[in-house]
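One letter stands for each residue in the lines below.
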Amino acid sequence: MSALEPTGVAGFLAHYEGLRARLPGDPTARAAAAELFRTLGLPGRRDEAWKYTNLRPLAEAAFHEPLSPVADHQVAEGIPRLAGSRLLFIDGRYRPDLSAPPAFFTAFADRPLLADLSDRAEQRMIALNTMLAEDGAVLDIPAGHEAGAVQIATIAAAAPGRATGVHPRHVVRLGAGARLVLILSNAGEGTYLHNEVADIVLAEGAHLTLLRVQDESRAAFHIATGVADIAAGATLDSFVLTLGGRMVRTEIHACLAGARAEAHLSAAQLLSGVQHADATTVVRHNAPECASRQTVKHVLTGRSRGVFQGRIEVARGAQKTDGYQMSQALLLSPDAEIDTKPELEIFADDVKCSHGATVGELDAEQMFYLRSRGVPEADARAILIRAFLAEALDAVPHEPTRAAMEAMIDAWWRKEAA
Amino acid sequence: MSLVIDNLHAGINGVEILRGISIAVPSGEIHALMGPNGSGKSTLGYVLAGREDYEVTEGSVTFDGRDLLAMEPEARAAAGVFLAFQAPVELPGVGNANFLRTALNAIRRTRGEPELDAVQFLKMARAEAKRLHMPDDMLKRNVNVGFSGGEKKRNEVLQMALLRPRLAILDETDSGLDIDALKIVADGVNALRSPDFSALVITHHQRLLDHLVPHRVHVLAAGRIVRSGGPELARELEARGYAGLAAEAA
């Protein structure tokens, strides 16, 4: 990296200046996002919402335009196939030659729907994405359509010494009563920034299952911000498995806008070395009789750090709200750290909201019981780690994805134990 | 000669509980270990199975001539040692069938026997469960989670039946059981009886020993063996209590 190269905010703005003439979509939306980003900058430690996640390493790096990738087909072969419909993105670009798209898909580059999401709590990373987004998946599902399962697979391949940045923009629109299982799988090599925004709108009675298998490079920055508007009787059922990335923030804002809407925002984070992963959620109950459920599990080794921030906001009219939130951490090393920040902000008087957090090590009695039955120590640990994650994983409704997640968790532990 | 405990001293958190125990359990024999609460019976079971928080300060334990105390708990299990826990541990999120198969296959691997697949295993486990009058659904539930006291004890006996140990240590497996369940435990041990099998049965009650006639009875008090004798010693204890015996030993 050259000393003259602009980094952080200046670097992203310079990137925008060079790119703006060929960015798809409404240039005024881009310019407004650029102005907002110029004014607000990157989140810093003084921002309450970023208290536990310090983006300084990201601010100090310069991220370049990806070069054309090598060995596409080989890389593509390495990604598990989790659904018949598959959309492959290499270094942020949709690759029709390697994809099997469903009829309701359009590449964002061809249909750049840049909705204004600037009223959301997390404006800065969204502004950065709105300013620089070049491609992504637009999934527009008509009312009543049972759309099955679609996999969006992203792969990044940054060369040594040349960090790259991609800002995928996914737009998911489900008409009334439509259903979709959407699986996001993220992988890559080298140092890069994956700054994704998913703009999700679910009409009445729609049902979106949103699963992520995040296995980015251990040197990557992975920031994914999901913004979901959920109408009456609609459900967002989300589960994120975090394995990769050096610095990770998975942030979901779910707005339960109509009666009996539901959001399930669960996650499992398995971290080692110096990985840092932050699962942040904001659920806004704006209508009566809505339910939100969250179970977040962290398994931490080495000097890794896990963060869970969960905020539940209950508006004045949102009576009969049912909110539940649980964060559980298994610390397998004395140097691992977990920070948990639940926040409840309740303006209605007839609600049921609960939250809890636990932190612990593997249970010595359980370990001894397994070993006394002949199970070797490393296997006994693997069994107990899987058992710890089972409650969260069992809720993953898509069998092939759940099986892939279980296999990746086992492989993760075998590597850790070796 | 199978199990030889010689002058064993052991404790936990710096407190000595076993103060010089010597017992030999030859192959093919069943020995009973009796004694009042706090005398060190469960500690002996844990030390033999290799629980790490117990510290051995003196003495030795060999099993078929091998230094048992130098072995990891899983290696002891592979060598044929099995402890039926007084308070079986709950494993939420771990299915009982999966647990039993993992344990059995781990031991089969060390014996050089082929591993069993899920179908072969279930067939075997169902047959054993039926023999022990255990409902099938105990295999489907999580290990010991939501089991009654009696179900937990039967689950220990099921594990023993499947793992076919060469030395079984039963730590008050009979306590809290009704007479029918007691017979199931006794039958479980009796079914394993062979010239190559030995057992150390820790119990408070004569009752179990009616169904499981021991070759020898040892009485433990305050961390020492105060009496050893034939099966008649258990009846004597039932009649006179530990206090009378302790007075005599003193």
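As the structure is a prediction and not an experimental result, all values here were calculated from the model.

The next thing to look at is the overall build of chain A. Helices and strands together make up the secondary structure of chain A, namely 8 helices and 20 strands. For 418 residues, the compact-globule formula gives about 22 Å, and the C-alpha radius of gyration of chain A, at 21 Å, lands near that figure. In terms of overall dimensions, chain A has C-alpha extents of about 65 × 55 × 45 Å along its principal axes. When the 418 residues of chain A are sorted by exposure, 53% land in the buried category. Counted over contacts in chain A with a minimum sequence separation of 6, partners at least 24 positions apart contribute 84%.

In terms of regular secondary structure, chain B is built from 9 helices and 12 strands. Over its C-alpha trace chain B gives a radius of gyration of 18 Å, about what one expects of a compact globule, namely 18 Å for 250 residues. Here the C-alpha coordinates of chain B stretch approximately 55 × 40 × 35 Å along the principal axes. The buried share of chain B, reckoned over its 250 residues, is 43%.

All names here are of chain A. An order of β2-β1-β5-β8-β10-β12-β14-β16-β18-β20 is seen for the 10 strands of this open sheet, with the pairing classed as mixed. Each of the sheet's edge strands pairs with one partner strand only, and the pair in question is β2 (93-94) and β20 (351-360). Note: strand β8 (residues 179-189) against strand β10 (residues 207-215), 9 bridges, orientation parallel. Note that in β10 the partner of N186 across the bridge is Q214. Along the sheet, helix α7 (residues 377-393) contacts β14 (262-271), β16 (291-300) and β18 (321-331); its crossing angle with β16, the most-contacted strand, is approximately 160°.

Quick look at the sheet that holds strand β2 (residues 15-25) of chain B now. Residue and element names in this part refer to chain B. Spatially, β2-β1-β4-β5 is the arrangement adopted by the 4 strands of the open sheet, whose pairing is antiparallel. Either end of the sheet is taken by a strand with one partner, and the two such strands are β2 and β5 (66-67). Bridging between strand β4 (residues 54-63) and β5 involves 2 bridges; their strand directions are antiparallel. The partner of T62 across the bridge, within β5, is D67.

This brings us to the packing of helix α2 (residues 27-40) of chain A against helix α5 (residues 124-132) of chain A. If you want to describe how two helices pack, look at the angle between their axes and the distance between the axes. Residues and elements named next belong to chain A. Relative orientation of the contacting elements α2 and α5 amounts to 140°, with a least axis distance of 8 Å. The angle between α2 and α5 falls in the class oblique. Classified by chirality, the crossing of α5 by α2 is left-handed. Contacts between α2 and α5 involve A29, R30, A33, A34, L36, F37 and L40 on the former and, on the latter, R124, A127, L128, T130 and M131. When grouped by side-chain class, the residues that make up the contact of α2 with α5 number 9 nonpolar, 1 polar and 2 charged.

So, on to the interface of chain B and chain A. Often, the extent of an interface is quoted as the loss of accessible area on bringing the components together. The interface of chain B with chain A comprises 19 residues on the first partner and 17 residues on the second. Looking at the side of chain B that touches chain A, the elements that each hand over two or more residues are α2 (73-79), β7 (91-95), α3 (96-110) and α6 (149-163) of chain B. Among the residues forming the side of chain B that touches chain A, the class breakdown is 14 nonpolar, 3 polar and 2 charged.

Residue and element names in this part refer to chain A. Here β10 lies mainly inside the structure; 8 of its 9 residues are buried. As paired strands, β10 and strand β12 (residues 235-242) are joined by 8 bridges and run parallel to one another. Bridging across to β12, L211 finds its partner in F239.

Before going further, it helps to spend a moment on helix α7 (residues 179-192) of chain B. Residue and element names in this part refer to chain B. A rise of 1.5 Å per residue sets the reference length of α7, with its 14 residues, at 20 Å; its end C-alpha atoms lie 20 Å apart and thus fit the reference within 8%. Those residues of α7 not exposed but buried are A181, L182, V185, A186, G188 and V189. Projected down its long axis, α7 carries its buried residues within an arc of 150°, all on one side. Away from the buried face of α7 by more than 90 degrees, exposed residues I179 and D180 are located. Among the structural elements, α6, β9 (167-171), β10 (198-202) and α8 (206-211) are those in contact with the buried residues of α7.

Residue and element names in this part refer to chain A. Within β18, 8 of the 11 residues are buried, which leaves it mostly tucked inside the rest of the structure. Pairing of β16 with β18 involves 10 bridges; the strand directions are parallel. Paired with V296 across the two strands is S327, which belongs to β18. Summarising the sheet, β18 and β20 pair through 10 bridges and their orientation is parallel. Opposite A329, over in β20, you have V359 as the bridge partner.

On to unusual backbone geometry, then. Residues and elements named next belong to chain B. Even without a glycine there, the phi angle at N13 is positive, about 50°. Along the chain, N13 falls in the loop between β1 (3-12) and β2. You will see that A222, though not glycine, has its phi angle at about 50°, which is positive. Within the element layout of this structure, A222 appears in the loop between β11 (216-221) and β12 (224-229).

Looking now at the packing of α6 of chain B against α7 of chain B. All names here are of chain B. At their nearest, the axes of α6 and α7 sit 10 Å apart, and the two run at 10° to each other. As the angle between them shows, α6 and α7 are arranged roughly parallel. Of α7, the residues touching α6 (which contributes G150, K153, R154, V157, M160 and A161) are A181, I184, V185, G188 and A191. Grouping the constituent residues of the contact of α6 with α7 by class yields 7 nonpolar, 2 polar and 2 charged.

The next thing to look at is the nonpolar core. Counting 199 residues, the largest nonpolar core has L202 and I230 of chain A as its most contacted members. When neighbours within four sequence positions are excluded, I230 of chain A is seen to be in contact with L202, L236, A254, C255, L256, A257, A261 and A263 of chain A.

Let's shift gears to the environment of G35 of chain B. Structurally, G35 of chain B can be placed in the loop between β3 (30-34) and α1 (41-49). Sequence-distant contacts of G35 of chain B, defined by excluding residues within four places in its chain, comprise K41, V219, L220, A221 and Y242 of chain B.

What follows covers the environment of P80 of chain A. Residues and elements named next belong to chain A. Inspection of the secondary structure assignment puts P80 in the loop between α4 (72-77) and β1 (85-90). With 18 C-beta atoms counted inside 10 Å, the residue P80 sits in the partly exposed group. A C-alpha to C-alpha distance of 9.9 Å links P80 and Q151, two positions 71 residues apart in sequence.

With that settled, the discussion passes to α6 of chain B. All names here are of chain B. With 15 residues, α6 extends 21 Å between its outermost C-alpha atoms, agreeing within 8% with the 21 Å of an ideal straight helix rising 1.5 Å per residue. Those residues of α6 lying buried are K152, K153, R154, N155, E156, V157, L158, Q159, M160 and A161. Elements in contact with the buried residues of α6: β6 (81-84), α3, α4 (118-131), α5 (137-140), β9 and α7. Positive backbone phi, at 45°, marks R164, one or two positions downstream of α6.

A few words on the confidence of the model for chain B. On average, residues of chain B carry a pLDDT of 92, and 97% of them reach 70 or more. What the predictor reports for the complex is a pTM of 0.88 with an ipTM of 0.96.

Conventions and cut-offs
- Residues numbered from 1 in each chain as written.
- Chains lettered and ligands numbered in written order.
- Predicted model: local features only at pLDDT ≥ 70, side-chain atom pairs only at ≥ 80, totals over all residues.
- Helix = DSSP H or I, 4+ residues; strand = E, 2+ residues; numbered from the N terminus.
- Rg over C-alpha atoms; globule rule 2.2 N^0.38 Å.
- Buried ≥ 20, exposed ≤ 12 C-beta atoms within 10 Å, placed from the backbone.
- Contact = placed C-beta atoms within 7 Å.
- Pairing = 2+ DSSP bridges.
- Axes fitted to C-alpha atoms, helices over the stretch in contact; angles between N-to-C directions.
- Parallel < 35°, antiparallel > 145°, perpendicular 65-115°, else oblique.
- Left-handed = near helix turned anticlockwise from the far one by under 90°.
- Nonpolar A, V, L, I, M, F, W, Y, C, P; charged D, E, K, R; others polar.
- Expected span 1.5 Å × (residues − 1).
- Arc of directions from axis to C-beta.
- Core = buried A, V, L, I, M, F, W, Y, C linked by C-beta atoms within 7 Å.
- pLDDT = per-residue confidence, 0-100.

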